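A look at the structure
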Amino acid sequence: MHSSTLLEVKDLRVYFYTYAGVVKAVDGVSLSVHRGEILCIVGETGCGKSVMSRALTRMVKPPGRIVSGEVLFEGVDLLKLPEKELRKIRGREISYVYQDPGNALDPLYTAGFHVAETILAHSSSAKFNEAWGKAVGIFREVLIPDPEAKAKSYPHELSGGMKQRVVIATAVANTPKLIIADEPTTALDVTIQAQVMELIRGLRDKYSSSVMLITHNLGVVAEVCDRVAVMYAGKVVEEAFVEELFTNPLHPYTQGLLEAVPNPLKKIERLRSIHGSVPNMIDLPEGCRFSPRCPHAFQFCNKEPELVERSKGHLVSCWLYRR
Ligand SMILES: Nc1ncnc2c1ncn2[C@@H]1O[C@H](COP(=O)(O)OP(=O)(O)O)[C@@H](O)[C@H]1O
Ligand SMILES: [Mg+2]
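Source: prediction; values computed, not measured.

If you trace the 8 strands from one edge of the open sheet to the other, you get S6-S7-S8-S3-S9-S10-S12-S11, paired in mixed fashion. On the outer flanks of this sheet lie strand S6 (94–97) and strand S11 (308–311), each paired with one strand and no other. Put simply, the sheet's adjacent strands are angled 25° from each other on average, direction ignored. Bridge count between strand S7 (residues 178–182) and strand S8 (residues 210–214): 5 bridges; the pairing is parallel. Within the sheet, the bridge partner assigned to Leu178 lies in S8 and is Ser210. Against the sheet, helix H8 (residues 190–207) makes contact with strand S3 (38–42), S7 and S8, and its axis sits at roughly 155° relative to S8, the strand it touches most. Against the sheet, helix H11 (residues 252–259) contacts strand S9 (227–232) and strand S10 (235–241), and its axis sits at roughly 105° relative to S9.

What follows is the structure, given as structure tokens:
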């Protein structure tokens with residue numbers, strides 16, 4: 001393990017056992033998160049990003065089940081940890097920011113209460129007043145205007161952008177080592193999105209936390225990430241530093257994703273899209289899952305390629321780059 005590695009995921013598999021069949025939502029994900037970095041996870045809807053991120057702290061509900069794999073957090077396998085030990089890590093050392101801030105907040109409690117409660121849940125000594133004071137301080141840090149008054153507000157009294165700041169305040173309340181943000185700006189207006197991204201980057205700088213940022217927006221990736229893992233149909237197909245990924249994408253799926261985004265610096269001829277759609281996760285294609293959509297598919301592709309390092313820090317799973 002790299003000395004700066006905070007989290008290492010090895011061959012993680014999460015399946016849903018439904019009447020229609022076994023949904024292989026996450027089917028052999030391997031990736032690592034380094035200390036202090038922002039790692040983006042990108043990929044089309046349904047490729048397993050959310051399920052993967054929840055499985056890291058075993059938050060998968062039936063009919064879903066973590067079938068195999070390892071999730072090493074500072075060298076400790078979270079999949080083997082007793083639930084009691086895991087609870088100390090979840091919400092304290094690893095915290096989550098979800099897509100829809102409305103759902104993450106309880107309408108019956110004030111904004112400040114959510115943060116104070118999170119602080120109290122992981123501290124044996126703090127008193128409520130103390131935790132409330134800290135909560136107001138965190139509101140100030142996440143740039144909530146008039147933090148004393150806002151802490152006393154109920155969720156319905158706050159705008160979407162403000163609610164997401166409260167959720168982020170809750171996520172950073174115990175200065176976690178890893179913040180997992182799952183499409184944190186999808187439900188927000190474009191101008192607010194940029195502010196929230198700026199905020200997440202600022203908090204990373206301040207606390208040296210690592211961030212796993214899940215997004216389908218390549219603009220966000222280019223703007224805020226250090227490294228990127230591209231997911232396709234339940235697997236990571238490419239992992240690289242952000243500049244490297246944008247200048248030298250290796251996987252045909254990544255190439256397709258980048259070609260489907262308008263480049264403001266280039267005269268637009270025609271935006272290309274990747275033909276076909278994400279495969280049915282119950283009945284996955286044999287071999288490389290992208291092969292039915294891949295313009296370069298050839299006879300090797302009926303076998304599943306492994307994720308291998310092609311150059312320093314640049315990994316890809318594609319037979320085009322076989323040694
Ligand atoms: N509770 C569930 N029951 C059955 N299938 C599920 C369930 N939750 C997620 N899935 C399936 O798992 C796959 C991955 O979902 P998800 O991780 O939410 O994708 P993403 O976040 O990349 O859009 C999808 O095919 C989805 O239909
Ligand atoms: Mg999702």
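Still to come is the rest of the account.
Taken together, the 8 bridges between strand S1 (residues 5–18) and strand S4 (residues 64–73) define a ladder with antiparallel strand orientation. Of the residues in S4, the one forming a bridge with Arg13 is Ser68. Relative to strand S5 (residues 76–77), S4 is paired through 2 bridges, and the arrangement is antiparallel. Bridge pairing in S5 places Leu72 opposite Asp77. Linking S4 back to S5 in an antiparallel pair, the connection comprises 2 residues, with Glu74 at a positive phi of about 50°.

Further remarks concern the side chain of Ser153. With respect to the helices, strands and loops of the structure, Ser153 is situated in the loop between helix H6 (147–151) and helix H7 (160–172). Not counting the four nearest positions on each side in its chain, Ser153 is found in contact with Thr110, Ala111 and Leu158.

Next up on the list: the packing of helix H4 (residues 111–121) against helix H5 (residues 128–141). Their axes nearest at 8 Å, the elements H4 and H5 cross at an angle of 120°. Where H4 crosses over H5, the handedness of that crossing is right-handed. Two secondary-structure elements touch here, H4 through Ala111, Gly112, Phe113, Val115, Ala116, Ile119 and Leu120 and H5 through Phe128, Ala131, Trp132, Lys134, Ala135, Ile138 and Phe139. Here the residues of the contact of H4 with H5 are counted per class, giving 12 nonpolar, 1 polar and 1 charged.

Cut-offs applied
Residues numbered from 1 in each chain as written. Chains lettered and ligands numbered in written order. Predicted model: local features only at pLDDT ≥ 70, side-chain atom pairs only at ≥ 80, totals over all residues. Heavy atoms only, no water. Pairing = 2+ DSSP bridges. Helix = DSSP H or I, 4+ residues; strand = E, 2+ residues; numbered from the N terminus. Axes fitted to C-alpha atoms, helices over the stretch in contact; angles between N-to-C directions. Contact = heavy atoms within 4.5 Å. Left-handed = near helix turned anticlockwise from the far one by under 90°. Nonpolar A, V, L, I, M, F, W, Y, C, P; charged D, E, K, R; others polar.

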